[in-house]
Amino acid sequence: MAFDNAYEALADAHDDARWAFGTGFDNPLSGVDTTVPSGVDGEDLAQYCLMLGDDALVLSHRLQQWCTRAPELEDEVAIANIGLDLLGQARLLLARTGRADGSGRGEDHYAYFRGEHEFRNVRLAEREHADFAQLVATVLVLTTWRLAVFQRLQASADPVLAAIAQKGVNELTYHRDYAAQWVVRLGDGTETSHARTVAAFDEVWPLVAELFEPHDVERRLDGVAVDPAEVRAEFDDVLAQVLSAATLETPVVPAKAGVAGGKGRNGRHTEQMGYLLAELQSVARAYPEATW
Amino acid sequence: MVTARTDETDEKAATPGTAVTAREVAETVTDPELPMLTLADLGVLREVTESADGVTVSITPTYSGCPAMDTMRDDLVHALRRAGFERVEVRTVLQPPWSTDWITERGRRRLAEAGIAPPGAAPQRGGGPVPVQLVPPQRRVSCPQCGAVDTEAVSEFGPTACKALRRCPACAEPFEHVKEI
């Protein structure tokens, strides 16, 4: 059968207008009861989902930047898979935000049409990875922290958040193991790989303290949110196991200060964030109604 | 309500091709990325209910970022409409999260026939912290090509979110393994 263009041929094969995955992404929470539980402040819940969603979205974007740049094909695939899982978590959480704040806005609004100061991710998520050691150090730190938070979040008073966390725990376990095994391999590897892994943790560590500083929203959402300060001991324990197996020491470096008292959770980001958002958002902003 | 339901049953009976139940139709829909498996075999199809308001199908994602969810939804609606069920709603259920333990025996057989090693039992987790694995876990996964028992892990991440990569030293073939979750 002859067609004027390739897309028509593909559409015909599917006997509808769809021709590939990823077209017309639907609401990932469709059919899920997203009523805000009584006694829970919807605005606070929305802000909390935004924090957790932005952490995942922004780290996922940094991982996507490794596509075609990973050292080996297997790692290319692994990094892309971790990025995809995190993007899935972000979609669920941003969709939850739009239901909790009562605006009914979809995930795309939050991903593409917010300014830098409206993003609530911790600054470590946006940090560029200058080499593979920085990538695995960042992923180890962030997934260890997130896994500990999500594990507790499974008992959240918001059933939607609890369900998202329950799925996330299984995924994050694989992500953390991947990063941990690479840190051990590099740290306990050659002289060069050891030195570069030491340098990577020295770069990452100034942004670690911020992960455990509770935000007012987290304090107010008692029983719904997890106080990040609570997971510090567990985080330290896991990191100590990995660093010791990798023949590395816990870095002793000062924490990176905020700007005017604010850090990532307050929408105060590092210089790298603007470039990341430009890449993430420019197409959606140039063609706001586009579908493909 | 009772009357409306009876009407619908009569209407269905009168239309050839709609004698099958919605569940039977939904159970024929295959996974877009593992086409040898039906959504039912994969354990993704959770519930199919028929009422006066139409058919409601509940599906659950394998992984949070599973890009095939939209296609599954479209394929279910399509198959049910073709079978005469006009009003179809597909719902996402997140809890309990999907587990590879839900893949049926037939599903496991079909995976193996297609050269994909089926998963072992999913890890059971208690309430405490999840222990970190500093070395890749030793899993007993038989080679789906030659049946050799000892195979090696290449990567815990594969071409789709639910699969790992392995290789068989006996026949030297690489293969995919649906990883336990």
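Residues numbered from 1 in each chain as written. Chains lettered and ligands numbered in written order. Predicted model: local features only at pLDDT ≥ 70, side-chain atom pairs only at ≥ 80, totals over all residues.

Within an unreviewed UniProt entry, the label attached to chain B reads Phenylacetate-CoA oxygenase subunit PaaJ, and the organism entered is Prauserella halophila.

You'll find chain A entered in an unreviewed UniProt entry as Phenylacetate-CoA oxygenase subunit PaaC, with Prauserella halophila given as the organism.

**Q** Tell me about the overall build of chain B, and name the residues and values.
**A** Along the backbone of chain B there are 5 helices and 7 strands. Among the 181 residues that make up chain B, the fraction classed as buried is 38%. (Helix = DSSP H or I, 4+ residues; strand = E, 2+ residues; numbered from the N terminus. Buried ≥ 20, exposed ≤ 12 C-beta atoms within 10 Å, placed from the backbone.)

**Q** Describe the packing of helix H2 (residues 42-64) of chain A against helix H3 (residues 73-100) of chain A, with residues and values.
**A** All names here are of chain A. In the contact formed by H2 and H3, the axes pass within 7 Å of each other and the chain directions differ by 160°. Judged on the interaxial angle alone, H3 and H2 are roughly antiparallel. As for the relative orientation of H2 and H3, their crossing is left-handed in sense. (Axes fitted to C-alpha atoms, helices over the stretch in contact; angles between N-to-C directions. Parallel < 35°, antiparallel > 145°, perpendicular 65-115°, else oblique. Left-handed = near helix turned anticlockwise from the far one by under 90°.)

**Q** Explain the interface of chain B and chain A to me, and be specific about the residues and the numbers.
**A** Every contact between the two is made by 31 residues of chain B and, on the other side, 44 residues of chain A. At the level of elements, helix H4 (69-82), strand E3 (88-92) and strand E5 (152-155) of chain B are the ones that each hand at least two residues to the side of chain B that touches chain A. If one sorts the elements of the side of chain B that touches chain A by residue count, H4 of chain B sits on top with 4 residues. Of the residues contributing to the side of chain B that touches chain A, the split by class is 18 nonpolar, 8 polar and 5 charged. (Contact = placed C-beta atoms within 7 Å. Nonpolar A, V, L, I, M, F, W, Y, C, P; charged D, E, K, R; others polar.)

**Q** Outline the UniProt feature "domain: MIP18 family-like" (unreviewed entry) in chain B, listing residues and values.
**A** Within this numbering scheme, the UniProt entry marks residues 27-90 of chain B as carrying the feature "domain: MIP18 family-like" (unreviewed entry). In the segment residues 27-90 of chain B, helix accounts for 28% and strand for 25%; the C-alpha atoms at its two ends are 14 Å apart. (UniProt positions renumbered as here; feature names shortened; annotations may be inferred.)

**Q** Outline the sheet that holds strand E7 (residues 174-178) of chain B, supporting the account with residue identities and numerical values.
**A** Residues and elements named next belong to chain B. The mixed open sheet is built from 4 strands, whose spatial order is E4-E7-E6-E5. At either margin of the open sheet sits one strand with a lone partner, and together these are strand E4 (116-117) and E5. Sheet topology places strand E6 (residues 163-167) next to E7; 5 bridges connect them, and they run antiparallel. Counterpart to Ala164 in the pairing with E7 is His177. (Pairing = 2+ DSSP bridges.)

**Q** So what about the UniProt feature "domain: PaaD zinc beta ribbon" (unreviewed entry) in chain B? Which residues, and what values?
**A** In the UniProt entry, the feature "domain: PaaD zinc beta ribbon" (unreviewed entry) is given for residues 133-179 of chain B. Along residues 133-179 of chain B, the helical share is 0% and the strand share 30%, with 15 Å between the first and last C-alpha atoms.

**Q** Outline the domain arrangement of chain B, supporting the account with residue identities and numerical values.
**A** Residue and element names in this part refer to chain B. Segmenting chain B into domains produces domain 1 (2-92) and domain 2 (103-121 + 138-178). Listed per partner, the contact involves 10 residues of domain 1 and 10 residues of domain 2. The residue inventory of the side of domain 1 that touches domain 2, partitioned by class, reads 5 nonpolar, 3 polar and 2 charged. (Domains from an automatic or database assignment.)

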